[in-house]
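Notes for the structure review
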Protein chains: 2
Amino acid sequence: MSKLPAVLSRLDADLDASLARLSSWLEIPSISTDSAYWPDSRRAAEWLRADLESLGFKASLGETPGQPVVLAHRPKPGAPHVLFYGHYDVQPVDPLNLWDTEPFKPVVKEIAPGRKVIVARGACDDKGQVMTFVEAMRATIAETGDLPVGVTILVEGEEESGSVNLPAFVRENAEALKADIALVCDTGMWDRDTPAITASLRGMVYQEVTIKCADRDLHSGLFGGAAANPVHVLSRIIASLHDETGRITVPGFYEGVEEPSNSQKADWADLGLTEEEFLGQIGLKHSIGEKGRMLIEQIQSRPTCDVNGIWGGYTGEGTKTVIAAKASAKVSFRLVGKQDPDKIAAAFQAYVRAQLPDDISAEFIVYSASPAIAVPADSPALTKARAALTEEWGRKAVTIGSGGSVPVVGDFKRLLGMDTLLVGFGLDDDRVHSPNEKYDLSSFHKGQRSWARILQALGS
Amino acid sequence: MSKLPAVLSRLDADLDASLARLSSWLEIPSISTDSAYWPDSRRAAEWLRADLESLGFKASLGETPGQPVVLAHRPKPGAPHVLFYGHYDVQPVDPLNLWDTEPFKPVVKEIAPGRKVIVARGACDDKGQVMTFVEAMRATIAETGDLPVGVTILVEGEEESGSVNLPAFVRENAEALKADIALVCDTGMWDRDTPAITASLRGMVYQEVTIKCADRDLHSGLFGGAAANPVHVLSRIIASLHDETGRITVPGFYEGVEEPSNSQKADWADLGLTEEEFLGQIGLKHSIGEKGRMLIEQIQSRPTCDVNGIWGGYTGEGTKTVIAAKASAKVSFRLVGKQDPDKIAAAFQAYVRAQLPDDISAEFIVYSASPAIAVPADSPALTKARAALTEEWGRKAVTIGSGGSVPVVGDFKRLLGMDTLLVGFGLDDDRVHSPNEKYDLSSFHKGQRSWARILQALGS
């Protein structure tokens with residue numbers, strides 16, 4: 001008979017110990033976008049490698065031009081084989097002053113009666129989520145001496161900086177990474193009670209643009225009124241990116257964007273997501289999204305454009321009467337359907353340059369350009385996973401689209417011909433990428449139990 | 001017979017020694033906008049106080065809530081009395097990486113055959129200019145044992161941060177500061193060969209605006225497409241500040257702006273300033289100023305608006321897919337004629353708020369609000385100064401307007417009922433407020449000689 005009940009009981013009994021293990025990993029500030037933290041990134045990779053080795057994995061650090069990849073194997077001849085993907089790097093922590101506790105000193109807090117969370121950078125994204133899978137394996141091995149399926153682990157350290165080196169790594173290690181299906185734990189639930197499987201992901205084009213005017217900073221009293229100001233030029237460009245209906249104005253941007261089916265619209269309507277519940281939680285009232293679209297459509301299945309950062313001129317204390325020589329912005333587009341990321345990156349650059357007179361120039365850095373992904377909604381693996389999640393949470397698991405992007409899913413399909421199953425336990429209020437990031441203990445604990453059930457189901 | 005020739009010869013012979021004195025003052029990083037440098041500000045004030053004492057002045061540091069004011073007296077009963085104003089504080093030095101040499105290690109360079117300059121933050125603005133007057137006094141006293149006029153010196157340490165404490169100081173010390181006329185050396189020449197007296201100054205309204213949207217930073221993958229982005233909101237506001245003709249759109253902004261007389265227009269036309277010579281020197285070709293206005297009018301006698309700094313979201317290395325909770329900009333207006341600075345500060349705030357929905361807020365800091373100033377173009381002092389400058393430079397001194405603002409001139413008029421004579425030797429390419437600020441040795445040397453002549457003329 002199934003040993004699953006014993007495995008689940010062990011996970012219940014082992015929660016505090018699993019929290020302690022997660023905390024020790026969270027204490028390592030593995031910020032991949034900042035070179036100052038690269039030695040810590042390597043420590044975080046080594047931490048996971050050693051833990052997987054203790055579970056009987058053959059585990060190593062795969063070197064890349066950037067941060068190392070944790071690669072581990074636990075084959076099971078004759079059984080199905082899965083590839084689990086996650087990332088050990090985390091977002092920067094600024095603005096630091098908005099954190100109530102140290103970002104790399106994890107603490108467990110009760111934020112509502114009976115609702116406990118662990119607070120730290122990476123608590124959810126993605127260390128906490130990765131450990132739900134690792135703990136499920138740990139308990140299963142402890143109770144059964146084995147895993148129901150063969151497992152390969154691929155945990156990278158550059159997801160938060162665009163996974164720039166991952167495609168090459170996947171290509172070079174295609175044989176070692178081959179599996180029947182990929183599992184990814186980097187997505188969210190529908191709400192605190194309703195588990196979700198993510199079946200579609202938006203793509204991403206992320207660029208930095210720098211507008212250059214005069215060849216030096218200028219005194220606004222001497223040159224103001226005549227000299228072009230790059231902050232004004234950049235602001236006009238940003239202001240022009242959306243029209244009054246919320247549509248993005250870059251020519252050709254909507255090529256390859258499909259309209260949703262009526263049944264899809266009906267499903268969305270059933271979920272009944274309101275501005276009040278979705279935006280109210282972050283102190284806003286009104287969606288600025290495309291007019292005539294459902295809120296859930298705006299955030300899940302429509303392409304978007306956001307300026308993620310802007311800077312230019314004097315930004316210090318007090319005043320400086322300067323006209324800057326240049327101004328910069330980080331501009332990202334979320335893509336859907338068949339939008340071509342390279343075409344859109346080029347279209348944005350052409351769009352900007354078309355607005356500049358011959359004495360003003362623009363320079364660009366393309367950080368990432370990945371297409372949107374759709375995951376087959378009817379594979380046996382997905383059916384088994386949905387049943388397992390429904391069993392664990394006592395609530396029908398829903399299939400949703402994600403506003404975010406997980407570029408590796410496209411790499412797996414393109415380079416390994418492999419589909420991906422996206423199951424995650426994050427919540428909208430987890431503050432990923434923000435101060436006071438947290439992960440609900442219910443997500444961490446029931447996430448472990450969910451994976452134990454899914455592993456069991458995939459092996460049967 | 002006049003001892004002026006002897007004074008001028010002494011200034012010629014003493015140039016290297018006067019450069020050494022200036023350099024030792026320039027080495028003190030008296031950045032008033034950054035509290036980290038306040039101890040240095042006090043050292044810079046003490047340096048000048050001691051130097052003036054060595055010239056027989058009764059010199060002291062006048063305390064204010066901010067940086068101290070250097071106050072010094074050398075009365076001459078029966079003779080005219082002048083009040084000299086300057087400032088010992090300097091602009092911040094960022095971006096530091098664009099300096100070819102250390103900003104506070106002054107060096108003398110030959111930038112063209114026979115054209116030498118001293119490079120350092122403050123070389124021109126305003127330490128170099130202040131020292132032209134001090135050296136003129138030093139040589140005059142050395143040769144004649146006295147000065148032709150009574151002199152009071154007022155050199156403040158907060159000009160670059162809006163002179164916030166100066167009006168109160170002037171009011172409280174009105175008796176000590178009373179004089180027949182004020183002299184200010186903080187302006188420029190028409191060109192390297194043509195001396196200028198500045199007869200009108202633009203006013204200034206300098207504010208910081210912060211746009212606040214969500215109550216925390218957001219993940220653009222979760223909230224993009226629905227959540228308001230403060231960088232977009234701020235960019236739309238900045239983009240809307242000028243219309244397609246270059247006019248500023250804040251309601252009521254042009255109230256109190258007079259049109260130039262035909263004779264003024266004729267004078268401007270005579271100067272024949274071209275975009276090529278004015279903007280070419282900074283790598284630009286086209287003025288972005290108001291259509292249908294002469295370039296010299298755009299930069300000297302029309303009100304302007306410039307964003308001096310902007311920041312929001314992630315501005316570090318690499319990428320972060322964040323929608324910021326807030327974004328900020330430093331916005332300054334240059335005022336002319338009878339424009340009311342307080343009205344315009346309020347009009348800008350109302351203009352911004354009118355563009356915000358009820359779930360987005362704006363906060364403001366008003367750093368300065370000073371009116372434009374016109375100096376009588378026909379006073380005896382101005383006539384004597386013009387003759388002295390023409391004599392020294394062998395080129396007719398021109399009377400010009402300044403795009404910049406020297407708020408203290410308004411304070412002198414309002415609080416002491418005293419007119420001001422603005423004579424300075426800065427050049428358009430001095431890079432004041434920019435990396436590699438410099439002061440031509442010809443400005444420094446002939447500036448000293450010019451003041452010696454003006455002092456003589458004012459005393460006769």
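Whatever comes next refers back to the structure up there.
Overview of the structure. The structure displayed is predicted, hence computed values, not measured ones.

**What to know about the interface of chain B and chain A**
Every contact between the two is made by 85 residues of chain B and, on the other side, 86 residues of chain A. When the buried surface of chain B facing chain A is broken down by residue, B:I282, B:T319 and B:K320 rank first, second and third, together holding 9% of it. Linking chain B to chain A there are two salt bridges. When the shortest N-O distance is used, the salt bridge between A:K285 and B:D358 registers 3.3 Å. Here chain B and chain A share 48 residue pairs in polar contact (both at pLDDT 80 or more) between them. At 10 residues, the largest contribution of residues to the side of chain B that touches chain A is made by strand β11 (residues 304–313) of chain B.

**Focus on the nonpolar core**
Within soluble globular proteins, side chains that are nonpolar tend to cluster in buried spots. If you look at the biggest cluster of nonpolar residues, it comprises 93 residues, and the most contacted ones within it are A:V209, A:I211, A:F333, B:V209, B:I211 and B:F333. Of the residues forming this core, the biggest block, six residues, is contributed by helix α12 (residues 341–353) of chain A. Leaving out residues up to four positions away in the same chain, B:F333 has contacts with B:G203, B:M204, B:V205, B:I248, B:V250, B:F253, B:T304, B:C305, B:I344 and B:F348.

**Some remarks on the packing of aromatic side chains**
Taken as a whole and judged by the stated rule, the model has 28 aromatic pairs over all chains. An angle of 85° between the planes, with centres 6.1 Å apart, marks the rings of A:F84 and A:W451 as edge-to-face. Placement of A:F84 in strand β3 (residues 81–87) and of A:W451 in helix α15 (residues 441–459) is noted, with a sequence separation of 367 residues between them. A:W451 carries the same exposure label as A:F84, and that label is buried. With a centroid separation of 5.4 Å and an interplanar angle of 70°, the aromatic rings of B:F333 and B:F348 are classed as edge-to-face. Of this pair, B:F333 sits in strand β13 (residues 326–335) while B:F348 sits in helix α12 (residues 341–353), and the two are 15 residues apart along the sequence.

Analysis parameters
Residues numbered from 1 in each chain as written. Chains lettered and ligands numbered in written order. Predicted model: local features only at pLDDT ≥ 70, side-chain atom pairs only at ≥ 80, totals over all residues. Heavy atoms only, no water. Contact = heavy atoms within 4.5 Å. Buried area = accessible area lost by both parts, 1.4 Å probe. Salt bridge = Lys/Arg side-chain N within 4 Å of Asp/Glu carboxyl O. Polar contact = N/O pair within 3.5 Å; in protein donor to acceptor, adjacent residues only side chain to side chain. Helix = DSSP H or I, 4+ residues; strand = E, 2+ residues; numbered from the N terminus. Core = buried A, V, L, I, M, F, W, Y, C linked by side-chain atoms within 4.5 Å. Buried < 20%, exposed > 50% of the residue type's maximum accessible area, 1.4 Å probe, protein only. Phe/Tyr/Trp six-rings, centres within 6.5 Å; stacked < 30°, edge-to-face > 60°.

Everything listed here is a matter of geometry and, on its own, says nothing about what the molecule does.
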